[in-house]
Structures are given as C-alpha cells and as structure tokens.
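# Observations on the model geometry
Next come the chains, spelled out residue by residue.
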Amino acid sequence: MYIIIVGGGRLGYYLTRALLDEGQEVLVIEKDAGFSQTINAELGSVSLHGDGCEVATLEAAGANRCDIFITVTGDDEDNLVACQLAKHKFNVPRTIARVRNPQHEKVFKKLGIDATVSTTNLILEHIKHELPSHPLMHLLDIQEKGLEVVEVTIPPGSTCVGRQIKELPLPQDSILSLIIRKERKPLVPTESTVIEAEDQIIAVIRPETENELRAALMSD
Amino acid sequence: MEFYRILVPVAGSQADEGAIELACSLAKQQSRSKIFAVHVIPVERSLPLDAEIKPEIGRAEDILGQAEKIAQEMGCVVETDILQAREVGPAIIDEATEREIDLILIGVTYKKHYGQFCLGDVLPYVLENAPCRVLLDHQIDV
C-alpha cells in the first residue's frame, strides 16, 4: 500500500516510522528542507522536500497511485487543502486529516475528507473515560455510514435499570450490540434483556441521536 | 593497499571505461578480488519501485554490457547488476553495505554547473555515507 503523509514534524516522523515498520511504502512531504533531510538520513529515502498543497509537489510524490493520503501538519487549512487536492485532482481513494481545532471537523467532513483525527477530541474522550461523571464515550466514527459506536455505563439510579430493552424509548436506528457486566461474560442483548446498574453497553447510533440515547439510558 | 571486493557504479558516462580499467588493475593485484558493476535506474515516485521501465532497462543493459566487455579485454570478470531506486546515492551505499564492499570506485568527469565545478548530488552523498573507502577516478583526457 502506498501512503503519502504531508507534514514531517514529530507526528509525521513517528507515523512514518510505524508505517514503514509495518512494511508499507511511505512518502513524507515536508516543507522544511532540514526536517526533510533528517527524515531521509534516519529513515531512508522516504521524504520529499516541498509543499503538499501544490499540485506539482503531489505529482512528483506520485499522488496518482497513492492509496491513503494523510495530512498531519500543524495547520488545519493546509491539511484541508492538501487532502482536497489529493481527493479531487488525484482521485486518492482515502484521505485522512489531522484537525487541531475540533470545530473544523464538520467543515472537513462536508468538504469530502474521508476521516478526521482531532487530538483535542481524542484526549477529551480519554479524560471522559476516566471520569465517572461522563458515562457516555465515543469509541468509533463510521463516517461513511453516518454512524458512531459509543459506550454507555448505566448509572445506578437510572430509570432504565430493571426494564427490558423493548420497553426503552431508544432512538430510531440505534442498536445495542453488546452488554458487558462485572465479573460475567459479555452478552449480546435481545429485546427481552433486562438492564442492570453499571452495565457497560456498546451501542451503534446516529451521531445526532446521542442525546436521545443518553436520555433513554442515563436519566434519573 | 588490498581490495577484495570492488564496487563500480556506472552511469553511462565517458568516465566509466577508465573506472572499470582501474578496478581491473587493482583486482589483478589480489587473486581473490571481485568486481561488481552496478547501474542504478532512478524511478519516479509516480511509478512503483519495481516498475518495468523498458527503455531504461535496455540502456542499463548496454552500459553494463560495455563494462563487461572492457573487463574481459583486461582478463577480468565483472559481476553486473541493475538496481532500481528512488535515489541513486542511497542505492549505491545500500549495495556496498549488502555486498560488504571494501572499495567504491567511481569514474568522474569535470562537470561544470553555471561555470562552477560541480560534483552533483550522488558523489557527495556517497563520500559522506560510504561504509568503505571511495576512490574517484578522473582521467584528464576524458
């Protein structure tokens, strides 16, 4: 698989190293000649000095045969432009962009970027996981299908405790796919499964119905 | 000085002939010496590294054939190889490392770029990164 990474900073460097270790063909496009040289010296001839937002650079990088195009510069605008060029000019099948400002994520998605990675949101999710006051956690975005996988921990005082799943006002199209119970085997719930306090539920939902799910499973 | 494994990168320039001849002369001084002649085809990133670039491969075969002929005339055997790489310098260094070469011998011409003497990109890289001795052979009549 041929992967192009735009941005040869620390993130780009370690990402490149990890992907090379996996046996992938990787090229890093880096604006700074010094950084580019360092990468070439340490990882082999895998860096191209140039601007990933320029068509000529992407042509020289062989973007036309690229399988995955990843942008990890510190600049959201550069990440967006480079991904859009890759997507629309070179028909790259999969583009992934780093987003520094989480508010930009929606714009990236609207403009056709296949996947976004927001470090702010990732850290936030980890913090939420550590805090008992945040029992709903995002596990995975399935952007192309407009779905997300979330984990919900049922608070002891929730109105859903002791009720069957079919009795709950769950959002339309939502699926409760797995229940993990303390010191018991995980189970695939059916409509008649009774919810217990502190159940960890893995659910597949539409992102816009997150509040409905929260109300159905976590309200006092 | 004894050299048992000599690598001669050939690029199809006029200086190749002198480099092969010198390599043969050095090899003849040791009974177990081996000469390796390689030609590196730089492959654009728009193509996979193992792409079959027929005109380039044909040219490489001609260049290496010529090197073999020169060595034969001097009573030596040269092992030849065509390499495909993104950059020539690192490919030469990798080859020298893999084959445990103890001398890289390169024929050079006196190239000028904008009126200034210029070694190009490959030679400085080889000089900086070679795992063995490097000999640049410049012939005055080339």
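Everything quoted here is computed from the prediction, not taken from an experiment.

## So, the interface of chain A and chain B
If you look at the interface, chain A gives eight residues, while chain B gives six residues. Looking at side-chain class alone, the side of chain A that touches chain B contains three nonpolar, four polar and one charged residues.

## Let's talk about the domain arrangement of chain A
If you check the domain split of chain A, you get domain 1 (2–122) and domain 2 (135–218). Inter-centroid distance (C-alpha atoms) of domain 1 of chain A to domain 2 of chain A is 36 Å.

## Some thoughts on the confidence of the model for chain B
Of all residues in chain B, 99% have pLDDT values of 70 or greater, and the mean over the chain is 91. Interface confidence in the predicted complex, given as ipTM, is 0.71; pTM for the same model is 0.72.

## Details of the sheet that holds strand β8 (residues 147–153) of chain A
Residue and element names in this part refer to chain A. Within the open sheet, the four strands sit side by side as β7-β8-β10-β9. Their pairing is antiparallel. One side of each edge strand has no neighbouring strand; the edge strands of this open sheet are β7 (136–142) and β9 (175–180). Averaged over all adjacent pairs, the angle separating strand axes in this sheet is 20°, with direction ignored. Pairing of β8 with strand β10 (residues 200–205), which is carried by six bridges, proceeds in the antiparallel orientation. Looking across to β10, one finds that T153 is bridged to Q200. Most of the contacts of helix α7 (residues 210–218) go to β10, to which it runs at about 150°, and overall it touches β7, β8 and β10.

## Structural notes on the pairing of strand β4 (residues 68–71) of chain A
All names here are of chain A. The two faces of β4 match: I68 and I70 on one face and F69 and T71 on the other face are all buried. The pairing of strand β1 (residues 2–6) with β4 spans four bridges and is parallel. Across the sheet, the residue bridging to I3 is I68, located in β4. Sheet analysis places β4 next to strand β5 (residues 94–99), joined by four bridges and oriented parallel. Bridge assignment links F69 to a residue of β5, and that residue is T95.

Cut-offs and rules
- Residues numbered from 1 in each chain as written.
- Chains lettered and ligands numbered in written order.
- Predicted model: local features only at pLDDT ≥ 70, side-chain atom pairs only at ≥ 80, totals over all residues.
- Contact = placed C-beta atoms within 7 Å.
- Nonpolar A, V, L, I, M, F, W, Y, C, P; charged D, E, K, R; others polar.
- Domains from an automatic or database assignment.
- pLDDT = per-residue confidence, 0-100.
- Pairing = 2+ DSSP bridges.
- Helix = DSSP H or I, 4+ residues; strand = E, 2+ residues; numbered from the N terminus.
- Axes fitted to C-alpha atoms, helices over the stretch in contact; angles between N-to-C directions.
- Buried ≥ 20, exposed ≤ 12 C-beta atoms within 10 Å, placed from the backbone.

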